[in-house]
Amino acid sequence: MDNEVDVFYRELPKVELHAHLNGSVSCPTIEKLISRKPHLNIGHGMTAIGKGQRRTLDECFQVFKVIHQLVDTEEDILMVATDVIKEFAADGVKYLELRSTPREEKHTGLTKKSYIETVIKAIKQCKSEGVDIDVRFLVAIDRRNGTEVAMETVKLAEDFMLSSDGLVLGLDLSGDPTVGHGKDLLPALQKAKNCGLKLSLHLSEVPSQLEESDLLLDLPPDRIGHGTFLHPAMGGSQGLVDKVVKHNIPLELCLTSNVKGQTVARYSDHHFKHWYQMGHPSVICTDDKGVFSTDLSQEYQLAASTFDLSREAVWKLSHDAIDCIFAPDTVKQQLKQKWIDLKPQVFK
Ligand SMILES: CNc1ncnc2c1ncn2[C@@H]1O[C@H](COP(=O)(O)O)[C@@H](O)[C@H]1O
Ligand SMILES: [Zn+2]
């Protein structure tokens with residue numbers, strides 16, 4: 001996969017804001033997990049969608065179930081998280097917000113609390129090894145699990161926000177978009193916002209969620225995942241676009257994920273073009289680099305080739321993503337300095 005990407009995109013310093021931990025597991029890590037659990041009889045083809053392949057979104061969610069079977073102990077999570085962080089760093093990502101749904105596994109003793117603690121341990125471990133990347137964590141709410149679990153997750157996220165030295169910054173709302181309704185999660189999300197957790201919500205990933213998006217946009221969230229069907233050109237409405245613009249809510253856009261998951265027919269149809277043309281904050285992300293067999297450099301190259309972006313435009317795109325991070329202004333300033341320092345080398 002590496003040799004297809006121009007060195008410019010590899011060397012480009014990048015910010016990754018939308019990466020699900022268990023969707024980001026690479027082939028080599030999956031191999032290690034499979035060898036730890038041969039009795040599960042899981043083959044590699046079951047955990048990733050290769051080049052040129054497509055799946056329905058529903059089939060993508062089956063893939064996560066398989067990966068979850070492979071990742072069910074603290075030891076697994078520690079390995080998966082450190083591998084994923086190092087892979088992002090090797091791909092030129094300088095700041096990463098990783099997100100993951102805390103799970104409980106009775107048979108291995110894993111609890112939601114120890115799940116989050118283990119991810120934090122991985123982040124700290126990478127830092128102590130000097131891996132050149134600033135990593136933060138968003139605790140994910142799986143919309144399939146309903147109101148009560150959402151509330152419980154908010155409480156956990158709040159506790160960790162207060163005790164993790166700024167590593168836990170907020171919440172993600174994700175999970176199968178065809179299941180459940182956002183209105184049931186609104187009180188939990190509102191509570192999260194009130195206690196200072198940042199919110200990144202998957203909105204309108206499928207066409208049937210316009211009413212839900214309208215409701216959730218009133219929170220308002222701090223960032224939007226996908227937002228595929230918000231724009232009128234995609235079947236959404238001007239009213240929804242107006243809300244997003246009014247609150248200046250950045251979009252996290254994942255080209256390969258949307259095309260492989262078949263919510264967008266062709267790369268050239270991707271809603272990136274509508275928002276980018278408007279000058280609205282649009283951040284290129286991977287979503288699930290393992291499942292969709294991609295990485296952030298490829299996604300930038302894909303956006304550039306599909307929408308005919310110059311190298312300066314690509315640079316601006318990665319630079320402007322810094323303003324959309326959830327970490328405080330001091331971190332934004334450090335990253336902007338890093339971009340200034342690296343520019344001559346990237347454009348050499
Ligand atoms: C493809 N588009 C998507 N839409 C919605 N949710 C998604 C997703 N991709 C991933 N997830 C969410 O992330 C989980 C896997 O990572 P974690 O176990 O949390 O680390 C999935 O189970 C789903 O809840
Ligand atoms: Zn996602």
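What counts, and at which threshold
Residues numbered from 1 in each chain as written. Chains lettered and ligands numbered in written order. Predicted model: local features only at pLDDT ≥ 70, side-chain atom pairs only at ≥ 80, totals over all residues. Heavy atoms only, no water. UniProt positions renumbered as here; feature names shortened; annotations may be inferred. Helix = DSSP H or I, 4+ residues; strand = E, 2+ residues; numbered from the N terminus. Contact = heavy atoms within 4.5 Å. Axes fitted to C-alpha atoms, helices over the stretch in contact; angles between N-to-C directions. Parallel < 35°, antiparallel > 145°, perpendicular 65-115°, else oblique. Nonpolar A, V, L, I, M, F, W, Y, C, P; charged D, E, K, R; others polar. Near = heavy atom within 4 Å. Polar contact = N/O pair within 3.5 Å; in protein donor to acceptor, adjacent residues only side chain to side chain. Areas by Shrake-Rupley, 256 points an atom, 1.4 Å probe, with all protein chains shown as cover. Buried < 20%, exposed > 50% of the residue type's maximum accessible area, 1.4 Å probe, protein only. Pairing = 2+ DSSP bridges. Right-handed = clockwise from strand over helix to strand, strands pointing away.

Our next topic: the UniProt feature "domain: Adenosine deaminase" (unreviewed entry) in the protein chain. Per the UniProt annotation, the sites labelled "domain: Adenosine deaminase" (unreviewed entry) are residues 13-338. The distance separating the terminal C-alpha atoms of residues 13-338 is 8 Å; by composition the span is 45% helix and 14% strand.

Inspection of the secondary structure puts Ser257 in helix α10 (residues 255-260). Contacts of Ser257, omitting those with residues within four sequence positions, involve His226, Thr286, Asp287 and Phe292.

Quick look at the packing of helix α6 (residues 146-163) against helix α7 (residues 186-194) now. Put simply, α6 and α7 touch, their axes get as near as 9 Å, and they point 10° apart. As far as their axial angle goes, α7 and α6 are roughly parallel. Contacts between α6 and α7 involve Ala150, Met151, Val154, Lys155 and Glu158 from the first element and Pro187, Ala188, Lys191 and Ala192 from the second. Partitioning the contact of α6 with α7 into residue classes produces 6 nonpolar, no polar and 3 charged.

All right, on to the site of ligand 1 then. Contacts to ligand 1 come from 18 residues, most closely from His68, Ser100, Thr101, Glu205 and Asp288. In this structure, an oxygen atom belonging to ligand 1 sits 3.4 Å away from a side-chain N or O atom of Arg144. In the model, a nitrogen atom of ligand 1 is placed 3.4 Å from a nitrogen or oxygen of the Asp287 side chain. Within the complex, 99% of the 510 Å² of free accessible area of ligand 1 lies under protein. By residue number, the principal contributor to the shell around ligand 1 is helix α3 (residues 57-70), which donates 3 residues. Here the residues of the shell around ligand 1 sort into 4 nonpolar, 9 polar and 5 charged.

Summarising burial for strand β4 (residues 168-174): 7 of the 7 residues are buried, a large majority. Pairing of strand β3 (residues 134-142) with β4 involves 6 bridges; the strand directions are parallel. From the neighbouring strand, Val139 faces β4, where its bridge partner is Leu171. A crossover links β3 with its parallel partner β4, the connecting element being α6, and its sense is right-handed. Note: β4 against strand β5 (residues 198-203), 4 bridges, orientation parallel. Within the sheet, the bridge partner assigned to Leu173 lies in β5 and is Leu201. Handedness of the β-α-β unit built from β4, α7 and β5 comes out right-handed.

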